[in-house]
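What the coordinates show
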Amino acid sequence: VPVPMADGGTSQEDLGTFWNNMRPNFGPEPSRATTKLSDDEKKALLQIAWVREEAAGMTEARASKEAKLAELAQLKAKPTVRKKVPVPMADGGTSQEDLGTFWNNMRPNFGPEPSRATTKLSDDEKKALLQIAWVREEAAGMTEARASKEAKLAELAQLKAKPTVRKKVPVPMAD
């Protein structure tokens, strides 16, 4: 979507991801938002009909990281992305959670570049998860380091055409 810029130009932006990153500001757990909003920004957005509709549907609390880790520990196999399962919450209720995406967000903790994980794990949490057979199997396959953002940008600059999605190309690394 073209977005006007302060200098009069426009920038192509993914407003869907931008919205998803700020959406939790309107729910019961605003701390989960990666794009934080001030009270004034929230008030301004709530003037928009579709935002009010979305906010009205965000009353459900979510399971904690600890509860989701406990649920992962009960699984006999790697969870499926986009398949929601009930996870018990501290208040006695349950929350429908996508443990496959939760796993994918923490999986890099077990590889050569743990900083790439969006869900960080403590050493104790990692040790507990490594007691699970399917986690050990996944972790054993995570030995390959990845190129830095700078190296990928440099390689992108060398291309004559737009790259193809899901087609891997060699990128030099600064070991």
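For clarity, every value in this text was computed on a predicted model and none was experimentally measured.

About the criteria used
Residues numbered from 1 in each chain as written. Predicted model: local features only at pLDDT ≥ 70, side-chain atom pairs only at ≥ 80, totals over all residues. Heavy atoms only, no water. Helix = DSSP H or I, 4+ residues; strand = E, 2+ residues; numbered from the N terminus. Rg over C-alpha atoms; globule rule 2.2 N^0.38 Å. Buried < 20%, exposed > 50% of the residue type's maximum accessible area, 1.4 Å probe, protein only. Contact = heavy atoms within 4.5 Å. Areas by Shrake-Rupley, 256 points an atom, 1.4 Å probe, with all protein chains shown as cover. Lys, Arg positive; Asp, Glu negative; His and termini not counted. Charge placed at Lys NZ, Arg CZ, Asp CG, Glu CD. Core = buried A, V, L, I, M, F, W, Y, C linked by side-chain atoms within 4.5 Å.

Here we come to the overall build of the protein chain. What the protein chain contains, in helices and strands, is 8 helices and 4 strands. Tracing the protein chain from N to C terminus, the helices and strands come up as β-β-α-α-α-α-β-β-α-α-α-α. Compactness check: the protein chain gives a C-alpha radius of gyration of 20 Å against a globular reference of 16 Å for 175 residues, more than 25% above the reference. Burial status across the protein chain gives 26% buried among its 175 residues. A fraction of 44% describes how many contacts in the protein chain between residues 6 or more apart in sequence connect residues 24 or more apart. A total of about 12,600 Å² of accessible surface is found on the protein chain, and carbon and sulfur atoms cover 54% of it. Counting 28 positive and 25 negative side-chain charges, the protein chain places the averaged centre of each group 5 Å from the other.

The biggest cluster of nonpolar side chains holds 18 residues, and the ones touching the most others in it are Leu69, Leu72, Trp103, Met106, Phe110, Leu129 and Val135. Here the element with the most residues in this core is helix H5 (residues 99-106); it accounts for 4 residues. Phenylalanine 110 has contacts with Trp103, Leu121, Lys126, Leu129, Leu130, Val135, Ala139 and Met142, leaving out every residue within four places of it along the chain. Among the nonpolar cores identified, the runner-up in size contains 7 residues, and Trp19, Met22, Phe26 and Met58 belong to it.

That's the geometry; what it means functionally is another story.
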